[in-house]
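Survey of secondary and tertiary structure
Listed below, chain by chain, are the residues.
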Amino acid sequence: MKIKVLLGNFGFGLGVTVISTIQMIVVTPLLIKEVGATVFGAWVMLADFFVAMQVFDFGITAYAAQRIASEYNRGNLKKVKGNFWASFLLVACLSMLMGILGVGLGEFFVKTGGLTAQDVSTITACAYIGLVAVGIQLIGYAFIAPSRALEKMLSVNVASFSAAVVGFISTIYMISAGFGLYSVAYGMLIRSIINLVGGVW
């Protein structure tokens with residue numbers, strides 16, 4: 001085990017956690033004031049589902065990282081590529097299936113919450129943005145797997161930290177500019193895109 005890599009992962013992970021916590025503390029009252037407690041509550045239910053979706057890759061990328069490391073150590077680059085593309089396709093299919101499930105659940109949540117037609121329209125649009133963000137995040141995990149396997153996590157960690165910072169700043173800016181609930185949805189999307197870039201890089 002490389003202590004330098006471990007400490008780097010820990011440091012960046014801690015930084016992302018701290019920023020995410022600060023964002024939650026700062027954004028929550030601002031967003032409640034902007035859109036109201038009822039709309040915010042409906043979004044929180046959907047956001048919890050989005051968070052759950054991001055951790056359910058069913059161990060595909062973790063297993064892919066193990067296989068990639070094993071084949072790389074054997075010098076079998078053909079199988080390294082094969083394992084990467086297999087995990088990529090599996091995660092892509094999984095993200096689409098979970099997206100379909102998310103659309104169904106999102107429709108149920110917003111239509112049974114006693115919201116106005118305008119609120120339902122806004123939350124539905126934000127839910128679609130959130131689902132795209134989750135899909136991008138899941139696909140990003142497939143690109144991160146080789147970096148984990150080869151213990152080359154610097155670009156991934158930098159991207160993750162940058163994504164947290166940029167997502168936070170973007171969300172605050174959009175709330176102040178009057179984007180309402182779209183602020184957090186687009187903040188999620190921006191964060192996912194930056195994480196994907198880090199994984200690909």
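Here, every reference points to the structure presented above.
Residues numbered from 1 in each chain as written. Predicted model: local features only at pLDDT ≥ 70, side-chain atom pairs only at ≥ 80, totals over all residues. Heavy atoms only, no water.

1. Describing a nonpolar patch on the surface
Going by this rule: Here the term patch refers to residues with relative accessible area over 30% and no salt bridge, with like charges joined within 9 Å and nonpolar side chains (Val, Leu, Ile, Met, Phe, Trp, Tyr) within 5 Å. Method for areas: the Shrake-Rupley scheme with a 1.4 Å probe, in which residue coverage is limited to the protein chains shown. Definition used for salt bridges: Asp or Glu carboxyl oxygen within 4 Å of a side-chain nitrogen of Lys or Arg. Numbering goes from the N terminus for both helices and strands, where a helix is a DSSP run of H or I of at least four residues and a strand is a run of E of at least two.
A surface patch of nonpolar side chains, about 730 Å² in accessible area, is lined by Phe 10, Leu 14, Val 18, Ile 22, Met 24, Ile 25, Val 26 and Leu 30. Structurally, Leu 30 is set in helix H1 (residues 3-35).

2. Overview of the packing of aromatic side chains
What counts here: Working definition: rings of Phe, Tyr and Trp (its six-membered ring) pair if their centres are within 6.5 Å, and the pair is stacked with planes under 30 degrees apart, edge-to-face with planes over 60 apart, and tilted otherwise. In this scheme, a residue with accessible area under 20% of its type's maximum is buried, one over 50% is exposed, and one in between is partly exposed, where area comes from a 1.4 Å probe on protein chains only.
Under the defined criterion, the tally for this structure stands at one aromatic pair. With 6.2 Å between their ring centres and 25° between their planes, Tyr 182 and Tyr 186 make a pair best called stacked. Residue Tyr 182 and its partner Tyr 186 are both found in helix H7 (residues 182-200); the two are separated by four residues, about one turn of the helix. Look at Tyr 182 and you get partly exposed, because its relative accessible area is 27%.

3. Quick notes on the nonpolar core
For the record, the criterion: What is meant by a nonpolar core is a set of buried Ala, Val, Leu, Ile, Met, Phe, Trp, Tyr and Cys residues, joined one to another through side-chain atoms within 4.5 Å. Any two residues whose heavy atoms approach within 4.5 Å are treated as being in contact.
Core analysis: the biggest nonpolar cluster contains 34 residues, and Leu 31, Trp 43, Phe 50, Ile 123 and Leu 181 have the highest contact counts within it. Contributions of two or more residues to this core are made by H1, helix H2 (37-55), helix H4 (77-111), helix H5 (117-149), helix H6 (154-176) and H7. No other element matches the twelve residues that H5 contributes to this core. If near-sequence neighbours (up to four positions away) are discounted, Trp 43 is found in contact with Phe 50, Cys 126, Ala 127, Leu 181, Val 184, Ala 185 and Met 188.

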